Number of protein chains: 2
Amino acid sequence: MEKFFNPRSIAVVGVSEDPRNLGRNITKNLHEFSFDGILYLVGPRGGTAFGRRIHKSVADIPDQVDLAVIMVPARHVASVLEECGQKGIQRAVIETAGFSEYGKEGRQLESQILEVVKKYDMRFIGPNCIGVINMKNGMAVPFPALKDVIPRGKISIISQSGGVGLDYLNVLASENLGLSKFASIGNKLNVDECDLLEYLIQDDDTEIICMYLESIVNGERLMRLARSTSKPILLHKSNIGHLAQQIAQSHTASLSGDDEVVSAALKQVGIARFQDEHTLLNYLKILPLPPMRGNRLAVLSRSGGHAVIAADACEKTGFLLTPFPEPFLREIEKHFRASVIRLTNPLDLGDLFDYEVYSRIVDETLKLPEVDGVVFLHTYISATERENSRALLEKLEEFSVLHGKPVAACVSTDGEEMSILRKTLPNPVFTAPEETITALALLRDFKHDAQPTPKTPPGNSADKEIRAILANSSKSKSPVLLDQALQIIKSCGIGIARHQTVYSLPETLKAAEEIGWPVALKLISQGASHKSDVGGIKININSPEQLHQAYHELDQAGKNIKSSGRCCVLVQSMQKNGLELILGAKQDPTFGPVVLIGLGGIFVELLKDVSMRVTPFGADEAQKMVKELKAFPLLTGVRGQPHRDLDALHQAILSVARLVENFPAIRELDINPLMVLPEGQGVVAVDARIITE
Amino acid sequence: MEKFFNPRSIAVVGVSEDPRNLGRNITKNLHEFSFDGILYLVGPRGGTAFGRRIHKSVADIPDQVDLAVIMVPARHVASVLEECGQKGIQRAVIETAGFSEYGKEGRQLESQILEVVKKYDMRFIGPNCIGVINMKNGMAVPFPALKDVIPRGKISIISQSGGVGLDYLNVLASENLGLSKFASIGNKLNVDECDLLEYLIQDDDTEIICMYLESIVNGERLMRLARSTSKPILLHKSNIGHLAQQIAQSHTASLSGDDEVVSAALKQVGIARFQDEHTLLNYLKILPLPPMRGNRLAVLSRSGGHAVIAADACEKTGFLLTPFPEPFLREIEKHFRASVIRLTNPLDLGDLFDYEVYSRIVDETLKLPEVDGVVFLHTYISATERENSRALLEKLEEFSVLHGKPVAACVSTDGEEMSILRKTLPNPVFTAPEETITALALLRDFKHDAQPTPKTPPGNSADKEIRAILANSSKSKSPVLLDQALQIIKSCGIGIARHQTVYSLPETLKAAEEIGWPVALKLISQGASHKSDVGGIKININSPEQLHQAYHELDQAGKNIKSSGRCCVLVQSMQKNGLELILGAKQDPTFGPVVLIGLGGIFVELLKDVSMRVTPFGADEAQKMVKELKAFPLLTGVRGQPHRDLDALHQAILSVARLVENFPAIRELDINPLMVLPEGQGVVAVDARIITE
């Protein structure tokens, strides 16, 4: 990657004398940002530009070149690359558009490019992108003409879209936030987001990594990289469409759409997902502050109204406004001149016009062990309070560092003063109380530490049986039937309801007597994967008479299906005292196996109360999954419900994770319902579907 | 109100020669904003200020005075008002703080003030506020020193907090949004938000009313006023909860209402509630555009990435991106020079660098009957596209007016250019695609028309019985017992489960046989209002043996309570086939009677799936309440559930509304569960609680 960001020499290919030529803009940008390497211009018609010769081909360049920046029509890109290869240029940024994003012809052009780079062992960024910026060496090769107004700093950007990337640059500049490196990756045909992410994680000049992606090439690698670093990674993953849900065959797959899996995976590894620029800015403003190590906030405000708004925001975001200790209050009370305000947290400073005292209060507040962070809401009139306010705001930043606790400053003043603050303060301030609290909540919830990637658990003896069932199903090209699915579940170590598979009415009756009334009858047939849709399920059968009738109805239903293969009946005991959950899994094309737990029964699709994790994950994550459910209190004994067997539930989640990891042939899996019994009694799978490739 | 905003003469009371004196700031502001009336200064120490005499008392003013602006210590306010009264000054703005928001002493000072104004029939705004601004006549009396940088326009502001009010002025100025009138109302001891709202609704210079309130004085009047106008009313109601309540007492002595009721009431009358400044700005930017009459949006974007982000936002906000008609696409295709982009909606203009064509595409798009509004996402480099872009943005505004459909423009460019746009464009642009779509959704969902206030339905013959039960309960100071509550529910016309009230085991047995097995037994006792807590409820009793045991357990439970008054047992049929809802009502201190419907059973507290309305309301609102429930699909037959009797449910809601309106003695009412039976079978109240004053 080094040569993409720190080339000693660059050839810009596609420059002409035409003033509208985009290659000229690239050249201009390198001038504007004072690129500290050597620059060559190339264009088939030759001529001169900016006092430089335009070489007719890279072959004509008298020197060695580290990087080619290519902006020629799509149909010429492969031949330009060929020339680069012959010249020994190993890195290219291809900015030209009109490839696979446009259609079939463009895809063919991409194949040609890939052949050339394979031949010469080259690497390239693009096509269909605006290229790379490195603020350190003035390497700026986007084709839109830029101005060097972007401050230099520690934030690096990877953007799939050039337009969004430029927008992020504007957002940074508007708040005087500093850029380190920028890469627009377009169709990411060769270098992808993970290649760049890996580089930026190692890069000493990068402290925060901000990404915009419309697709994720390799979810597993993205997760591994994110786990490996303590650098904050912020990601806007757009393109949330619901294709996966449209083709889903199981409840699990329809509940875990592509986008839901993305959210779950990112959360799992501590990548902060944002969906709008306000949230991005909140992250960029708050992350440079010391971490928020607890949930207890002190709010100091010069406006009582803003104090009320801040208290509302604390309630919404779950912050505690711990009362100040009495001696502290008695001490600061001395400074209030007219004593017209009661002292609480939030502390209304409305009656106190002494900037020295403000500083002292902030300092003293930060010393309190019962305070994890401070919000200072500062409303001022620039005409009279300019100097004092600016000095105070700088001091707040110092206090933050000194005490290792975040002090978030929120300023309300006129626009002219605000733009001066934006240019002069090292860290940008917030401008509304609710966004200040929201940003602190982001900081509080942010995972700061690197973590090891969990290991995939090894296979065990029961795998043999599972393998046999799946192999058989694959060999005979028939789906996994209900009794086989239950057998697989059982082999995983998950409890299943008592049942027998039978082929006649007398067998059914005998099975019911053995299992014990009431029973359920379920049709087993290749054509009855959605049993209830075809009338293939009969429950609460209490007597031989009822059984007789139910059997005949099932038999009729089975005949209506006209399916090939085995057709028989499962007799199953009716499970009582269970809370109905759904436990499932699916293979996600981007992230691999995903496990889902959710509230079952008639509410499953209505309330969508589910949580999910990408495998592998450990017992701690299984517990968190269950706790995240809104229905979690139902498992711990509210409203007269017994406390449920959480240990067994956690084990079942881990068993399903192991199953789908070790058997990628299982594309979708539903255990629905999974009955969670009272504590000590385990869980029982009542119905199961397994969909294989 | 007229004299508060258009006084011909003002006396500022509390001016001194001390440069730190706040009365001087008021005077300065009147100079800065070029007040077009006559100004007098008053202060007990006399002297001069700004080349004017400081009169020692209002009595010394040689002329008639329309309005006194008072900024003297709290303990002197009453005597200053007395002097004003004697002088014949009928209006005052009291900016002084230190009244009821501070404590008991302050409350006494408020009583004194109220006595004086009663004596002289005066009206005043405040205390504890920053006063009034009218941009038309330069009447600006806040005590913080302001600069006249606020543009004049059609937005008026009512703010309970002075600090938040000033902040709103900064927000308006930062986006070049124009102010008409401003009032900070503080403790609103005399003039309240509704007095001002009524005035602004009539005011020709006001088109949008923006409010910040920490409490609502008269919910019914607020709702009536909102219904009477088609002017948009935007309200930040803060002080949402327990936490906020504590500090509100130390600020403007306001008490917090139930926040969910506030939201329901505001929504009911079309007041747009906002909770943060971004949303406020979105409203202020989008409301001046023509209304969005449908849900079909066309997105035109110069950046493909922004088009994707916009499509995501459309999915989230429920907008339809209708495909463009083929002839339209063929026509605009001609303009794309390199044909590297596929034509869809969102339409990516990335390859098209012709501003004339942009205009034509927008114009043609607006003509399409299948398009209700247009979003134009405009990313540009100011160095090369400044002139063209500014002209285009102005044109977009013209198209909007011309076609009567909103065209929302979103701009991404450098900061310098953005600030020029803010100063020059008549309407401010948006700066992020997702906020543009969000704002259009606000516009789409905004109620634009005035509506009549629904009428309270008249009493009917059944009221006599209800009145008797309530009177009896009130007379004997005993709570309304279960059988009485059910009787009241029945008198309203709501179905109740079959039951009998019995006093002995033989009676119980006889009742069960008559009602039919299975039955439920419920203890009726003054001490058993929470029956299940005291073991006062037995369900699913299937036989005389079970009944025997249940009766004795209930009897024992009744004895344990040791309550006075009647103690007996309700025998009730067990209700099957019903979907469990909760139907309830309460008297809200701010808004009056509120009716609530929600999902019942074990999920009621967990999932909080409820909707509510303030009475009176019509059948249309009852239907909307039910439709708003997440569980609504369960009522219309998903997942094998039968279609439920919605007519009966709507009727029951209206009956409860009528009940609590006609009988304000009913403070709280719960019908829980209300079983909603399959279509045509009605609803059945199984349990009911009525709590009276």
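For the structure, check the block above.
Quick look at the structure, then.

What counts and what doesn't
The written sequence of each chain sets the order in which its residues are numbered from 1. Ligands are numbered from 1 and chains lettered from A, in the order in which they are written. Only residues with pLDDT of at least 70 get local features here, since the model is predicted, and only at 80 or more are side-chain atom pairs given and counted; chain-wide, interface and lining totals rely on the full set of residues. To get the side-chain values, take all heavy atoms of the structure and skip hydrogens and water. In this description a helix means any DSSP run of H or I spanning at least four residues, a strand means any run of E spanning at least two, and both kinds are numbered starting from the N terminus. Only the protein chains shown count as cover for residues, and the accessible areas themselves come from Shrake-Rupley with a 1.4 Å probe. For the charge count, each Lys or Arg is scored as positive and each Asp or Glu as negative, with His and the chain ends excluded. The location of each charge is read from NZ of Lys, CZ of Arg, CG of Asp or CD of Glu. Here, any two strands with at least 2 DSSP bridges between them count as paired. Two rings from Phe, Tyr or Trp (for Trp, the six-membered ring) form a pair when their centres are within 6.5 Å of each other. A pair whose planes differ by under 30 degrees is stacked, one over 60 is edge-to-face, and the rest are tilted. Between buried and exposed lies partly exposed: a residue is buried under 20% and exposed over 50% of the maximum accessible area for its type, with that area taken using a 1.4 Å probe on protein chains only. Alignment of copies: least-squares fit on C-alpha atoms of residues with pLDDT of at least 70 in both copies. When checking whether two residues touch, look at their non-hydrogen atoms; a contact exists if any pair is within 4.5 Å. Once two parts are brought into contact, the accessible area they lose, counted with a 1.4 Å probe and summed over both, makes up the buried area. For this analysis, a salt bridge means a side-chain nitrogen from Lys or Arg found within 4 Å of a carboxyl oxygen belonging to Asp or Glu. We define a polar contact as two N or O atoms separated by no more than 3.5 Å, with the added condition that, inside protein, one atom must be a possible hydrogen donor and the other a possible acceptor, whereas residues neighbouring each other in sequence contribute only through side-chain atom pairs. Note that Gly is not counted as nonpolar here; it falls among the polar residues with everything else outside the nonpolar set of Ala, Val, Leu, Ile, Met, Phe, Trp, Tyr, Cys and Pro and the charged set of Asp, Glu, Lys and Arg. Among buried residues, the Ala, Val, Leu, Ile, Met, Phe, Trp, Tyr and Cys ones that are joined through side-chain atoms within 4.5 Å form a nonpolar core. Buriedness for pockets is judged along seven lines, at least five of which must meet protein on both sides within 12 Å for an open set on the 1 Å grid over protein atoms alone, while cavities are sets there where a 1.4 Å probe fits but cannot get out, and lining residues have an atom within 4 Å of a point. Grid points are joined across faces, edges and corners, and a volume is the space filled by probe spheres set on the points. As a rule, the C-alpha atoms of each element are fitted with a line to give its axis, helices using only the stretch in contact, and angles between N-to-C directions run from 0 to 180 degrees. Roughly parallel here means an angle under 35 degrees, roughly antiparallel means over 145, roughly perpendicular means 65 to 115, and every remaining angle is called oblique. For any helix crossing, the convention is left-handed if the near helix is rotated counterclockwise from the far helix by under a right angle, and right-handed if that rotation is clockwise. When the sulfur atoms of two cysteines come within 2.5 Å, that pair is taken as a disulfide.

Attention shifts here to the overall build of chain A. Scanning chain A for helices and strands turns up 25 helices and 28 strands. In terms of its C-alpha atoms, chain A occupies a principal-axis envelope of roughly 95 × 80 × 35 Å. Entry remark: accessible area of chain A is about 27400 Å², with carbon and sulfur atoms responsible for 50%. On chain A, the mean spot of the 75 positive side-chain charges and the mean spot of the 84 negative ones are 4 Å from each other.

So, about the sheet that holds strand 9 (residues 139-140) of chain B. Residues and elements named next belong to chain B. Within the open sheet, the 7 strands sit side by side as 9-8-11-10-12-13-14. Their pairing is mixed. The outermost strands of the open sheet, each flanked by one partner alone, are strand 9 and strand 14 (272-273). Inspection of the sheet shows strand 8 (residues 131-134) paired to strand 11 (residues 179-184) by 4 bridges, in the antiparallel sense. Note on strand 11: the bridge partner recorded for isoleucine 133 is phenylalanine 182.

So, on to the packing of aromatic side chains. Counted according to the given criterion, the structure contains 12 aromatic pairs over all chains. Judged by centre distance (6.3 Å) and plane angle (70°), the ring pair of A:Tyr283 and A:Phe446 falls under edge-to-face. Pair noted here: A:Tyr283 is in helix 11 (residues 277-286) and A:Phe446 is in the loop between helix 17 (433-444) and helix 18 (463-475), with a separation of 163 residues, a long-range link. The pair formed by A:Tyr283 and A:Phe446 is uniform in burial state, with each residue classed as buried. The interplanar angle of 5° and the centroid separation of 5.0 Å between the aromatic rings of B:Phe5 and B:Tyr199 together place this pair among those described as stacked.

Now for the relation of the copies chain A and chain B. Take chain A, turn it by 180°, move it 0.0 Å along the axis, and it overlays chain B with an RMSD of 0.1 Å. Look at the turn and shift together and you get a two-fold axis relating the two. In this assembly, 89% of the residues forming the interface of chain A have copies in chain B that are likewise at the interface, indicating an isologous arrangement.

Moving on, we get to the interface of chain A and chain B. At the interface, 76 residues of chain A touch 73 residues of chain B. Summed over both partners, the interface of chain A with chain B comes to about 6200 Å²; 59% of that surface belongs to carbon and sulfur atoms. For the pair chain A and chain B, the interface holds 0 salt bridges. Here chain A and chain B share 21 residue pairs in polar contact (both at pLDDT 80 or more) between them. Elements with a contribution of two residues or more to the side of chain A that touches chain B: helix 5 (162-174), helix 11, helix 12 (304-317), helix 17, helix 22 (604-607) and helix 24 (632-635) of chain A. Considering each element in turn, the side of chain A that touches chain B owes the most residues, 11 residues, to helix 12 of chain A. In terms of residue class, the side of chain A that touches chain B is built from 29 nonpolar, 27 polar and 20 charged.

Time to look at the environment of B:Gln451. All names here are of chain B. Here glutamine 451 shows up in the loop between helix 16 (433-445) and helix 17 (463-475). Residues glutamine 451 and alanine 226, spaced 225 residues apart in sequence, show a C-alpha to C-alpha distance of 8.8 Å. Residue contacts for glutamine 451: discarding those within four places in its chain leaves Arg227, Gln268 and Val269.

Attention now goes to the nonpolar core. Counting residues in each nonpolar core, the largest one holds 111 residues, and the members touching the most others are A:Ile10, A:Ile125, A:Leu179, A:Leu197, A:Leu234, A:Leu297 and A:Leu440. Excluding anything up to four places from it in sequence, A:Ile10 contacts A:Leu30, A:Phe35, A:Ile38, A:Leu39, A:Tyr40, A:Val65, A:Leu67, A:Val69, A:Met139 and A:Val141. Formed by 108 residues, the second largest nonpolar core is a distinct cluster that contains A:Leu581, A:Leu674, B:Ile488 and B:Phe632.

All names here are of chain A. Tracing the backbone through its elements, the reader meets arginine 273 in strand 14 (residues 272-273). Judged by its relative accessible area of 16%, arginine 273 is buried. Polar contacts involving the side chain of arginine 273 include one to the main-chain carbonyl oxygen of lysine 237, which spans 2.8 Å. Only 2.7 Å separates the side chain of arginine 273 from the side chain of serine 263, close enough to count as a polar contact. Residues within four places of arginine 273 in sequence aside, it is in contact with Leu235, Lys237, Ile240, Asp259, Val262, Ser263 and Leu266.

A word on empty space enclosed by the protein. Counted by the stated rule, this structure contains 9 cavities of 30 Å³ or more. Taken together, B:Lys285, B:Leu289, B:Leu393, B:Leu396, B:Glu397, B:Val407, B:Ala408, B:Ala409, B:Asn427, B:Pro428, B:Val429 and B:Phe430 make up the full set of residues lining the largest cavity. At the level of secondary structure, the elements contributing two or more residues to the lining of the largest cavity comprise helix 14 (382-403) and strand 18 (407-412) of chain B. In this structure, the second largest cavity spans a volume of roughly 120 Å³. Taken together, 13 residues form the lining of the second largest cavity, with A:Glu397, A:Val407, A:Ala409, A:Asn427 and A:Pro428 sitting closest to its centre. Contributions of two or more residues to the lining of the second largest cavity are made by helix 15 (382-403) and strand 18 (407-412) of chain A.

What follows is about the sheet that holds strand 16 (residues 347-348) of chain B. Residue and element names in this part refer to chain B. What the 4 strands build is an open sheet, ordered 16-15-17-18; its pairing is parallel. A single partner strand is all that each edge strand has here, and the edge strands are strand 16 and strand 18. Pairing analysis gives 6 bridges linking strand 17 (residues 373-379) to strand 18, with the strands arranged parallel. By the bridge assignment for strand 18, leucine 377 is matched with cysteine 410.

This part covers the side chain of B:His306. Mapped onto the elements of the fold, B:His306 is located in helix 11 (residues 304-317). Residue B:His306 is classed as buried on the basis of its relative accessible area of 3%. The residues touching B:His306, leaving out its near neighbours within four places in the chain, are A:Gly163, A:Val164, A:Asp167, B:Ser301, B:Leu377, B:Thr379, B:Ser412 and B:Pro433.

All names here are of chain B. Between helix 10 (residues 277-286) and helix 16, the shortest axis-to-axis distance is 9 Å and the interhelical angle comes to 70°. Considered as vectors, helix 10 and helix 16 are oriented roughly perpendicular to each other. In this structure, helix 10 crosses over helix 16, and the sense of that crossing is right-handed. Of the residues in helix 16, those touching helix 10 at Thr279, Asn282, Tyr283, Lys285 and Ile286 are Glu435, Thr438, Ala439, Leu440, Leu442 and Leu443. The residue inventory of the contact of helix 10 with helix 16, partitioned by class, reads 6 nonpolar, 3 polar and 2 charged.

Okay, the state of the cysteines next. All names here are of chain A. Summed over all chains, the structure comprises 0 disulfides over all chains. Distance from the sulfur of cysteine 568, which forms no disulfide, to the nearest cysteine sulfur (cysteine 567) is 6.8 Å. For cysteine 568, a relative accessible area of 3% corresponds to the buried category.

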